[in-house]
Number of protein chains: 2
Amino acid sequence: MPGEFALIERIRARAGRRDDVVLGIGDDAAVLALPPGHELVVSCDTLVAGVHFPDDTAPADIGHKALAVNLSDLAAMAATPAWCTLALTLPEANAAWLDDFLDGFLALADEHGVSLVGGDTTRGPLSMSITVHGLVPAGQALRRDGAREGDDIWVTGTLGDAAGGLAQWRARGPASAKLRHRLDRPTPRVQAGLALRGLATAGIDLSDGLAADLGHVLAASGVGARLELGRLPSSRTLADHFDEARRWTLQLTGGDDYELCFTAPAARAFEIEQAMAAIDLPVTVVGQVEAGAGLRFGTPDGDAWTPPADGYQHFSGGHA
Amino acid sequence: MPGEFALIERIRARAGRRDDVVLGIGDDAAVLALPPGHELVVSCDTLVAGVHFPDDTAPADIGHKALAVNLSDLAAMAATPAWCTLALTLPEANAAWLDDFLDGFLALADEHGVSLVGGDTTRGPLSMSITVHGLVPAGQALRRDGAREGDDIWVTGTLGDAAGGLAQWRARGPASAKLRHRLDRPTPRVQAGLALRGLATAGIDLSDGLAADLGHVLAASGVGARLELGRLPSSRTLADHFDEARRWTLQLTGGDDYELCFTAPAARAFEIEQAMAAIDLPVTVVGQVEAGAGLRFGTPDGDAWTPPADGYQHFSGGHA
């Protein structure tokens, strides 16, 4: 079993290196060159075994997800991913586990042109903290505070699959491999975020569920909203496994989808549809921004509906 | 007991904000503006309770140390600290603990003009990952790979106090509060690092002990060195508690001092002494860089000496 420096060397040997990495893994710190006229976008997210992923998750899936949830934050800012650091805490110096983890982590990093520029391995209960760095032309970051009354509220993809997969895993009953895959292998919507520069007024990624995450946008923007539950996009698989009321709860409070939610004036709807069609990503208007604070829900039959109170705050899920 | 968003709000409310923070805590990511002509220096280090600090360490000391060990990496690169992110894993959402932790963390951040720009709180065994960001004029970072044959090897301050404090804590016998303080409250040598721009040929911070850390510099630079054990600077307190042979072991293999070790041509010695005197920091030449690979030790009486083999590799200590 190799020691820590051997683990770091294993990481270093496999890390890619962009031209703007002046100094990568192997010194006290990385040195990075930014292009002129750009701002640096930084986000960090931690994943803890048994909290953010089931203990039986495959190491490659953990590696993928750990980076994906961080890239998702860059996507929500309309930033181009550039570099990341990895702080990995392992119960033991297990080289085989590390190799599998890196398979998932680095495949996603390569896909998005991200260089791993620094790392830290420590002994302890399995967890990992990733800090991702992206670039955005100065002033063009997509923030949470720009939603305006009358804006459409959009979401990418479909919602609820990951939460459905987690619910099935917890119930220890019949489970859909497709739903579990959405939980283990979220797709960060990086291309969508970039395509929304100049179109969307506000954006966020859906890690804690639509209600909580949209709630952050509304609070930051000083507005409210009405969501039409009948419009929430659902996969066929989710509809096969959960009835409508359960789906709404999963979609609104379940989290882990890592789709984007964004707002835009109705006048930009055609451009948005064109931009998303160009990257083959379904996109749906699910409600409208309103002046009055708070989030209201409309059902297809006009009945009142309130999501279960226990779904709103995940100690494990949020970040700043 | 507040939930996670309350914890993050607590952090956000107390975080300082530099003028170059376009967007701080409270969105999906921070947005930061770099001055023209500078490179970004990034490092991350994780601390785990019971591994990197004793379980009985005061929360404010943990907060101080978590940031200090990261700032120490920027010091070793001759970078000016600018921003940091904090990924904090807590067994429970304990607001009083968090406030104490932030007392130590933010006092040190303020001292060095560092803004906390992003965070993540998760539930799990106590640990924290910090990523620090610094700035350096393009091309002026102090790297590990510049040591040349004939260079002096310098260290700042005194070595071994922190390791002495840890040894006493482990032995559960008489303990010096001064040594324990050096373990709990390391001083990152940021000013020293900045003063060494253009003077030092290579540098590193002493987290794992002089032998291992200097060994990284030598390996990166393709050289070897001879250390004079009789010259290793020791505090009077350390000398009061440990005999000479034990002191050498603590100083060479103990770690946790967070002093700087750097190399420079002998012709720069006077300038270096002047620069360190200007910031009131003692500095000592402890050896010379030699052509032959490896590290050799000279004792005051000319005897051969080899450090104990078990002190070299800390699974917990290193990083890339």
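Structure's up top.
For the structure given in this document, a descriptive report is provided here. These numbers were taken from a predicted model, which means no experiment stands behind them.

### Focus on the relation of the copies chain B and chain A
Turning one copy of the chain about an axis and sliding it along that axis gives the other copy, so a rotation and a shift relate them.
For step 1, the next point in the chain: Least-squares fitting of chain B to chain A yields an RMSD of 0.0 Å, with the transformation described by 0.0 Å of translation along the axis and a rotation of 180 degrees. Expressed as a symmetry operation, the mapping of one chain copy onto the other fits a two-fold axis.
For step 2, the next point in the chain: The fraction of interface residues of chain B whose copies in chain A are also interface residues reaches 100%, indicating that both copies meet through the same surface.

### Some points on helix α7 (residues 210–221) of chain B
Residues and elements named next belong to chain B.
For step 1, the next point in the chain: Spanning 12 residues, α7 covers 16 Å between terminal C-alpha atoms, matching the ideal 16 Å at 1.5 Å per step.
For step 2, the next point in the chain: Looking at the buried positions of α7, the neighbouring elements they touch are β7 (152–156), β8 (202–205), β9 (224–228), α9 (244–253), β10 (260–264) and β12 (294–298).
For step 3, the next point in the chain: Note on α7: the residue one or two positions beyond its end, glycine 222, has a positive phi of about 70 degrees.

### Thoughts on the sheet that holds β10(B)
Residues and elements named next belong to chain B.
For step 1, the next point in the chain: Strand order in the open sheet formed by 6 strands is β8-β10-β7-β11-β9-β12, with mixed pairing between adjacent strands. With partners counted over all chains shown, the strands left at the sheet margins are β8 and β12, one partner each. Each strand axis lies, on average, 25 degrees off the axis of its neighbour in the sheet, ignoring direction.
For step 2, the next point in the chain: When β9 meets strand β11 (residues 283–290), the two strands line up antiparallel, connected through 4 bridges. Paired with alanine 225 across the two strands is valine 289, which belongs to β11.
For step 3, the next point in the chain: In the packing of helix α2 (residues 59–76) onto the sheet, contacts are made with β8 and β10, and the angle to β8 comes to roughly 175 degrees.
For step 4, the next point in the chain: Relative to the sheet, helix α10 (residues 269–278) contacts β7, β10 and β11, its axis offset from that of β7 by approximately 5 degrees.

### Concerning the pairing of strand β4 (residues 80–90) of chain B
All names here are of chain B.
For step 1, the next point in the chain: Within β4, 10 of the 11 residues are buried, which leaves it mostly tucked inside the rest of the structure.
For step 2, the next point in the chain: Note that β4 and strand β6 (residues 127–137) share 9 bridges and pair antiparallel. Its bridge partner lying in β6, threonine 85 is registered against threonine 131.
For step 3, the next point in the chain: By the bridge criterion, 8 bridges tie β4 to strand β5 (residues 115–123) in an arrangement that is parallel. From the neighbouring strand, threonine 85 faces β5, where its bridge partner is glycine 118.
For step 4, the next point in the chain: For the handedness criterion, the β-α-β arrangement of β4, helix α3 (residues 95–111) and β5 is classed as right-handed.

### Re the pattern of salt bridges
For step 1, the next point in the chain: Within the structure shown, the criterion is met by 34 salt bridges over all chains.
For step 2, the next point in the chain: When the shortest N-O distance is used, the salt bridge between Asp103(B) and Arg14(B) registers 2.7 Å. Of this pair, Asp103(B) sits in helix α3 while Arg14(B) sits in helix α1 (residues 4–14); the two residues are 89 residues apart in sequence, bridging distant segments of the chain.
For step 3, the next point in the chain: Here Asp103(B) falls in the partly exposed class, since its relative accessible area comes to 39%.
For step 4, the next point in the chain: Ionic pairing is found between Arg143(B) and Asp145(B), a salt bridge with its closest N-O pair at 3.1 Å.
For step 5, the next point in the chain: For Asp145(B), a relative accessible area of 30% translates into the label partly exposed.
For step 6, the next point in the chain: It is possible to trace a salt-bridge network through shared partners that takes in Asp161(A), Arg182(A), Arg189(A) and Glu259(A).

### Here we look at the pairing of strand β9 (residues 224–228) of chain A
Residues and elements named next belong to chain A.
For step 1, the next point in the chain: The buried fraction of β9 amounts to 4 of the 5 residues, a majority that puts the element mostly inside the structure.
For step 2, the next point in the chain: Across 5 bridges, β9 lies against strand β12 (residues 294–298) in parallel orientation. Within β12, the position partnered with alanine 225 by the bridge is leucine 295.

### Things to note about the packing of aromatic side chains
All names here are of chain A.
For step 1, the next point in the chain: Enumeration according to the criterion identifies 6 aromatic pairs over all chains in this entry.
For step 2, the next point in the chain: Note on tryptophan 154 and phenylalanine 262: the rings are 5.9 Å apart at their centroids and 5 degrees apart in plane angle, and the pair reads as stacked. Of this pair, tryptophan 154 sits in strand β7 (residues 152–156) while phenylalanine 262 sits in strand β10 (residues 260–264), placing them 108 residues apart in sequence.
For step 3, the next point in the chain: By relative accessible area, tryptophan 154 is classed as buried at 1%.
For step 4, the next point in the chain: Of the aromatic side chains, those joined through ring pairs into one cluster are Trp97, Phe101 and Phe105.
For step 5, the next point in the chain: The ring of tryptophan 169 has arginine 172 lying over it, and the distance from NZ or CZ to the ring centre is 4.2 Å.

Definitions and cut-offs
Residues numbered from 1 in each chain as written. Chains lettered and ligands numbered in written order. Predicted model: local features only at pLDDT ≥ 70, side-chain atom pairs only at ≥ 80, totals over all residues. Heavy atoms only, no water. Least-squares fit on C-alpha atoms with pLDDT ≥ 70 in both. Contact = heavy atoms within 4.5 Å. Helix = DSSP H or I, 4+ residues; strand = E, 2+ residues; numbered from the N terminus. Expected span 1.5 Å × (residues − 1). Pairing = 2+ DSSP bridges. Axes fitted to C-alpha atoms, helices over the stretch in contact; angles between N-to-C directions. Buried < 20%, exposed > 50% of the residue type's maximum accessible area, 1.4 Å probe, protein only. Right-handed = clockwise from strand over helix to strand, strands pointing away. Salt bridge = Lys/Arg side-chain N within 4 Å of Asp/Glu carboxyl O. Phe/Tyr/Trp six-rings, centres within 6.5 Å; stacked < 30°, edge-to-face > 60°. Lys NZ or Arg CZ within 6 Å of the ring centre and 35° of its normal.

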